[in-house]
Structure formats: structure tokens, C-alpha cells
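The residues making up each chain are set out below.
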Amino acid sequence: MWNYSFVFPSMLILLTLLSFFFARRRLPIRQNRIFLGLLALQLWVMVFDILSSRADESYAQYSAGLLHALNGGFFLLFIARIFWFYRFTLGILDIALSSRWARLSAIPFYITEAVCLSNFATGAIFSIGENGYARGPFYNILYVCFAFYLVLSLVLLLRRARHLKRSVLAGGLAYNLVLVVGNVVRFLLPQYLVMDTFCTLAIVIIYLSFLNPDLYLSDRGPTFNMRGFRLVLQEIRQRPKYAVLGFVLQNYNNERSILGGDQMDECISLISQYLSKAFPHCLPFYLRGGRFALTCADAETCERTKAQILARFHQPWRAHASDLYLNIAFASVDSSVNLGSVDRIVNNLVLALSSVHSTGESVNIQEIDQQIDITRSLEQAVERDQVEVFLQPVVRSDNHQLAGAEALARIRDASGQLISPALFIPIAERTGYINQLGQQVFEKTCAFADEGNLKSLGLEWLNVNLSPIQCMQRDLSERFNAILARHNASPERLHLEITEQSMGDYVHLQQQLKALLERGFRFVLDDFGSGYSNLSRVKHYPFINIKIDMEVVWDYFHERDSLLPTLIQGFHSMGFTITAEGIETPEMADALTEIGCDYLQGYMFSKPLPMDEFVQKYRLPA
Ligand code: C2E
Ligand code: MG
Ligand code: MG
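Keep in mind that what you see is a predicted model, and the values were worked out from it rather than measured.

S.K.: An account of the pattern of salt bridges is requested, with residue identities and associated values reported.
M.R.: Tallying each qualifying case throughout the model produces 21 salt bridges. The partner of Glu-388 in a salt bridge is Arg-412, and the shortest N-O contact between them spans 2.6 Å. Remark: Arg-412 occurs in strand β11 (residues 402-412) and Glu-388 occurs in strand β10 (residues 388-396); sequence separation between them is 24 residues. Its salt-bridge partner being Arg-519, residue Glu-478 comes within 3.4 Å of it at the nearest N-O pair. Of the two residues, Glu-478 sits in helix α18 (residues 476-486) while Arg-519 sits in the loop between α19 (506-518) and β15 (522-528), which places them 41 residues apart along the sequence. According to the relative accessible area criterion, Arg-519 is partly exposed, its value standing at 31%.

What follows is the structure in C-alpha cells.
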């Protein structure tokens, strides 16, 4: 009655696959657990298929109860198996099994299982009569259930096709189509027991496409690779608590070229072995380029693990019969901040690891994330011409009347909140956006001057900050001149503030300033005293005003000595006027006026204001 020629070889293939699966290191992720369930179900379906078929053939020798149990058990497992294939499809589509939608879609499975279970009483699927096994009136519910989950799987895969990697889509479609063919063949040739063969084939496709350990095992010792890291992150980031600790071998590329690839590779293997032995509850990953990562239960475990790893790196690693001391730096991320996608976590971790420099240093990648957000806001503001200019008054020290104002750049984050220049200016300098940003600030300040504001406010000049990076643009003076011309602005009224830091490249800066000076611009030295001040250099620059850094001002105010007054006298004798920054109280204003500061700037007079507020506040009576 039954033909067993397919079922036994299928069983052998399955057993081979099982032994491979258990012999290699596995990632403890949901996909693997579902697959394991699938393997177990497949094995039991085959056992029950063979036993029930055999028993049905010689039904006279067995009791009706046993025949019921064997056939009933087979159908229960048969339906569970298709449901597990469907669960695997949900897994690769990253649909949570606990989601409302996934739970609703399980209803046909429970109904069909209930019908199978009640078969004892109802005979809906099959009955055991005088002539042995016979199909019941609702036998086809099995096919309907099977077809339902296959169609659903295929629809879901095709609907998400555009967002899936090609290999995932191809693997997903392949095993589901094999199951479709199996179902059709079973429907047409039920006596051949071929369904088990098609299911085994589908399982082999799943193993090769998604779970082959070579896909996620690192080739450097007992660690997992980047692909494995992504799979694990996808799962653990949904947990209420998790932490990931990353560390990098410093100067990896240099060390590799000095020590040679083989010796370095041996070190990587040794570190991998150490990690997997010393931290059995953490999963170790090698992310290439000397970068490692470990998953930890929570932030506290992460800290303890870090200390332990650091202590181990104080000892040498013995590779190729020599002792090597390696320096490492850390970066970590934990569940306290939602970083969104796996891509973002991975990118930020790699970025953080490449930005830590000193040994044992540790950065939390949330900080890197903030920098990425700022870079994004900066990019947007610059490209959409949305850099805002705020103005802060600079007053004469003798009468506190407005003399000039400093233009200060502002950008906003996605929620419209202002971002501090202390955060975005260094990023703009690093990324090169400072050139466009500086130009926008200059253009908007010139436009402000052009609108008759200087006169109506009694402003003599406006100060604009010039970054050292901007000074490296060869055509800076032409660019600024063109902007001036567009707005009929006069260069004498636009003072450019440069910091001592810019004076590092002495010759180049002098040439640059000369070109600007020839076009009529005036210069102000900003933040004097905040860096390595070189007085003899200051003498050689065409400054008209020196701004004393607020830290220096505050220091003087708290502990008066003769240094600042003497310096100011000296500057005066060289022809510079002096501005004191950071004046917050009338006492500070008096003290700094007393020692000869000509101008004062600070919160006592006003914080930097948007241009329209500035105009409203300082407009002179008509
Ligand atoms: P800076 O040029 O020294 O500007 C003065 C900074 O001190 C401003 O900070 C101002 O708000 C702050 N300040 C003024 N008075 C007080 C006070 O009484 N107390 C305190 N605590 N702070 C005071 P802001 O606007 O945050 O700018 C910070 C720095 O960012 C600027 O320092 C400047 O170096 C840079 N920056 C701002 N806008 C631009 C720009 O358009 N281009 C360039 N290259 N750099 C800019
Ligand atoms: Mg300034
Ligand atoms: Mg300053």
C-alpha cells in the first residue's frame, strides 16, 4: 500500500544534517531555536509516518487504540511542522511571534490541531474501521491548513521583497516553493510518502541559506563574525536589558605591518580563545581590523568584563614564541538609550572604536550617536541655507553703550532645539562644513548690515568669527569680497575674529590676512590667553582689537594680580584696543574697565539674540 523508497534516504540526510548542526558552534538566536524545533519535528513526523503506515498496512495485528494514536500523532506533528516552517519565515522577516498579527495568524493552526485531537471522538480526519484506516470527511483540512501557511509565507516574503537582502529572499522563496511542490505531489501521489523528502529538502535549503555556521563563525578562533554580530544584535536589542562591549587593538594596522600577518593572526586567535573561555556567558565576536565585541547581560556586567579584559592585557600574549604586549581601548553601548536599527549600533560601535585613542580609554557609543545626529543637522542646515545668525552686543566700557556686535552661528536639531556651537563647530571643522557655514554667517551678517541696521542701531562694526580651516581656502578673500559687493557692505565695518590657534601656520596665515587686509578687512584676535600665547607673534599681525578670553577674565576677577593689567597696558601701547569677554556682573564690568578694557561683552548686557530680537532691543529712538 505504501512506498517507503523516499522516506528512509530522507531520514539519513536529516540525521547527517543534525550531526553537523550539533558538532559546530551555534549562535543562540531565535532562528536557530526555531530550526532546532523544526529538525526535531521532522524527525518525529518521519518516525510516526513510517510507524503509522506500517501499522495501517497490517491493521489486523494492532488494536484500534494504537492505530488511532499512531495516525493521530502523525497528523498532529504534520501540522506542527508546517507551522514551524511558517514561524521560521516570520523569523527571517524579523516579525515578532508575539506580535498581535502573528498571534492571529496562528488561529488556523490551533483549529486544525484541535480537529486532529478530537478525531478520536469525531472521526473527522480519519477512522479505524473493520477495513482498517479510512479518510474522514474533513481530511482535506490538512491540505487547506498547509496551503494557508505556504501562501501566507510567500505573500509576506514578496511584500517585503524590496527590503530583504537578495540571499534572504532567494532562500525564503526556495524552501517555501519546495514545500508547495511537496504538497502538490503528496496530494496527487499520497502512497509515496514523498512529503517527508520535500520537507527534508526545504530544511537543507534553510540550513545552507541561513544557518550554515560558516556564514557567521569567524575564521580567527572561537568567535563569531560581523554577520553573526548583526543577527545577535537584532535579537538582543529587543530585550529590556543588554550591553555590548567593544574593544580594539590600538595601532592594529601598524602592529600588523611590523609584526607580520601570521603573528598578528595568532594573537587574534589567542584573544578569541581567551574571550570564549573567560566569559562563557557572553558571546564573543571578532569584527576584523583588530576589533572585538562581547555581548553582556547589562551595563554592570559590561563594566566588570572591561576591567577583567584590561587586566589580562597587562599580561603579554605569547605568539610565535615571543611575548607581545598589546594596548586596547574600549567602546560600549547599552539598553539605556534606544539606538534604533542594528546598522546604527554597528556603525556607531565601529566609529567609536576608531575614535578612541588612549590605552584603556572607553567611550560610550551614545556619545558618538549624538555626534552623528549633530553632523546630520549640520549637513542639513548648511545645505538648506538654514544656518542662523545670533548677535551678541559689545559695549563701550565707559558708558555701556552699544559699539558693535558679534555674529554667532546657530543650527537646530530635528526637534527645533538650538545646538551649541561648542558642539557643532568642531564637527564642522573636522568635516569641512565650516567653509560653507562660515560663508553663510558672513553673508547673513552682510545682509543685516546692508538693511540699514548699523545706522539705526548705532553699531560701528560687526564681528564675524573666522575658523583656521577657513583661512586655508586660497580664494577666501575673493569669496568674501564677492559677498561684500553683493550687499554693498563696507569691509572696515566687518571685523574678522581669529583665534591664536589659527596663528599656528604663521607664513600661510600672514599671506591670507594680507590678502584680506588689502581688501579693507579688519582683524580681531579672539580668545586671547586660552592657548599658547605668543606675544611677539601678536605684534606682527594687523589686529585692531584683542579679546581677552573669558576664562582669563574670570581668573583675574577671582584672584587679582598684576599680569592682566600689565598685558593690557602693553597692548594699548602697541595700538590695540581691548575687549573683555564673559562679563556677567556689574562688579566684573567695573573691575575690567578699571584695568583699561575698552569694550565689554557678556551676559550682563545680553546673551546672543536672534537678529530680529536684537533689532527690537537696541533700535535707537527715531
Ligand atoms: P567666541 O567667538 O569666543 O564667542 C563667545 C562665546 O561666549 C559665545 O558662545 C557667547 O555666547 C559666549 N558668551 C558671551 N558672553 C558670555 C558670558 O557672559 N558668560 C558665558 N558663560 N558665555 C558668554 P557661543 O555662541 O556658544 O559660541 C561659542 C564659540 O563657537 C565661539 O566662541 C566661536 O569660537 C564659535 N563660533 C560661534 N559661531 C561661529 C561662527 O560663525 N564661525 C566660527 N568659525 N566659529 C563660531
Ligand atoms: Mg568670537
Ligand atoms: Mg571669544
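S.K.: I'd like to hear about the layout of surface pockets, residue by residue, with values.
M.R.: Which parts of space are left empty comes out when a probe the size of a water molecule is rolled across the atoms. Its volume calculated, the largest pocket comes out at about 1,100 Å³. Secondary structure elements with two or more residues in the lining of the largest pocket: β11, α16 (421-431), α17 (433-457), β13 (461-465), β14 (494-499), β15 and α21 (550-558). Residues of the lining of the largest pocket, tallied by class, amount to 21 nonpolar, 14 polar and 11 charged. Its boundaries defined by the atoms lining it, the second largest pocket holds a volume of some 810 Å³.

S.K.: Describe the coordination of the magnesium ion (ligand 2), listing the residues and the values that go with them.
M.R.: Surrounding the magnesium ion (ligand 2) are the protein donor atoms Glu-406 (OE), Asn-465 (OD1), Glu-497 (OE) and Asp-526 (OD), which sit 2.0 to 2.2 Å from the metal. Each donor residue of the magnesium ion (ligand 2) lies on the same chain, and together they follow the pattern E-x58-N-x31-E-x28-D. Between the magnesium ion (ligand 2) and the magnesium ion (ligand 3), the interatomic distance is 3.7 Å, and Asp-526 donates to each metal, bridging them. Here Glu-406 is found in strand β11, whereas its partner Glu-497 is found in strand β14, with 91 residues between them in sequence.

S.K.: Break down the domain arrangement of the protein for me, citing the residues and quoting the values.
M.R.: Put simply, an interface is often sized by how much accessible area is lost when its parts join up. The assigned domain composition of the protein is domain 1 (7-213), domain 2 (226-369) and domain 3 (385-617). The interface of domain 1 with domain 2 comprises eight residues on the first partner and 12 residues on the second. For the domain 1 and domain 2 pair, buried surface summed over both sides reaches about 800 Å², with 51% attributable to carbon and sulfur atoms. When residues of domain 1 are sorted by the area they lose upon contact with domain 2, Leu-27, Ile-29 and Asp-94 head the list and together hold 48% of the total. With a shortest N-O distance of 2.8 Å, Glu-235 and Arg-33 are connected by a salt bridge. On inspection of domain 1 and its partner domain 2, the count reaches three residue pairs in polar contact (both at pLDDT 80 or more).

S.K.: An account of the packing of aromatic side chains is needed here, citing residue identities and associated values.
M.R.: A full pass over the atoms with the stated rule returns 43 aromatic pairs. Arranged with centres 5.7 Å apart and planes meeting at 85°, the rings of Phe-21 and Phe-22 form a pair that is edge-to-face. Note on Phe-21: relative accessible area 2%, which makes it buried. With a centroid separation of 5.5 Å and 85° between ring planes, the pair formed by Trp-461 and Tyr-599 is classed as edge-to-face. Of this pair, Trp-461 sits in strand β13 while Tyr-599 sits in strand β18 (residues 599-600); the two residues are 138 residues apart in sequence, bridging distant segments of the chain. The same class applies to Trp-461 as to Tyr-599, namely buried. Joined through ring pairs, the aromatic side chains of Phe-74, Phe-75, Phe-78, Phe-126, Tyr-133, Tyr-139, Tyr-143, Phe-146 and Phe-187 make up one cluster. Positioned over the ring face of Trp-84 is Arg-87, at 4.7 Å from the centre of the ring.

S.K.: Tell me about the coordination of the magnesium ion (ligand 3), and please be specific about residues and values.
M.R.: In an ideal octahedron of six donors the angles at the metal are 90 or 180 degrees, and in an ideal tetrahedron of four donors they are 109.5 degrees. At 2.1 to 2.7 Å from the magnesium ion (ligand 3) lie its protein donor atoms, namely Asp-526 (OD), Asp-527 (OD), Glu-581 (OE) and Glu-581 (OE). Counting along the primary sequence, the residues that act as donors to the magnesium ion (ligand 3) give the motif D-D-x53-E. Relative accessible area serves as the criterion here: at 22%, Asp-527 is assigned to the partly exposed category.

S.K.: I'd love a proper account of the side chain of Gln-42, names of residues and values included.
M.R.: On the secondary structure map, Gln-42 appears in helix α2 (residues 30-57). Residue classification places Gln-42 among the buried residues on the basis of a relative accessible area of 0%. Setting aside its immediate chain neighbours within four residues, Gln-42 contacts Leu-14, Arg-81, Asp-196, Cys-199, Thr-200 and Ile-203.

Definitions and limits used
Residues numbered from 1 in each chain as written. Chains lettered and ligands numbered in written order. Predicted model: local features only at pLDDT ≥ 70, side-chain atom pairs only at ≥ 80, totals over all residues. Heavy atoms only, no water. Salt bridge = Lys/Arg side-chain N within 4 Å of Asp/Glu carboxyl O. Helix = DSSP H or I, 4+ residues; strand = E, 2+ residues; numbered from the N terminus. Buried < 20%, exposed > 50% of the residue type's maximum accessible area, 1.4 Å probe, protein only. 1 Å grid on protein atoms, 1.4 Å probe; cavity = no way out; pocket = protein on both sides within 12 Å on 5 of 7 lines; lining within 4 Å. Points joined across faces, edges and corners; volume = space filled by probe spheres on them. Nonpolar A, V, L, I, M, F, W, Y, C, P; charged D, E, K, R; others polar. Donors = N, O, S within 2.8 Å, 3.2 Å for Na, K, Ca; no water. Domains from an automatic or database assignment. Contact = heavy atoms within 4.5 Å. Buried area = accessible area lost by both parts, 1.4 Å probe. Polar contact = N/O pair within 3.5 Å; in protein donor to acceptor, adjacent residues only side chain to side chain. Phe/Tyr/Trp six-rings, centres within 6.5 Å; stacked < 30°, edge-to-face > 60°. Lys NZ or Arg CZ within 6 Å of the ring centre and 35° of its normal.

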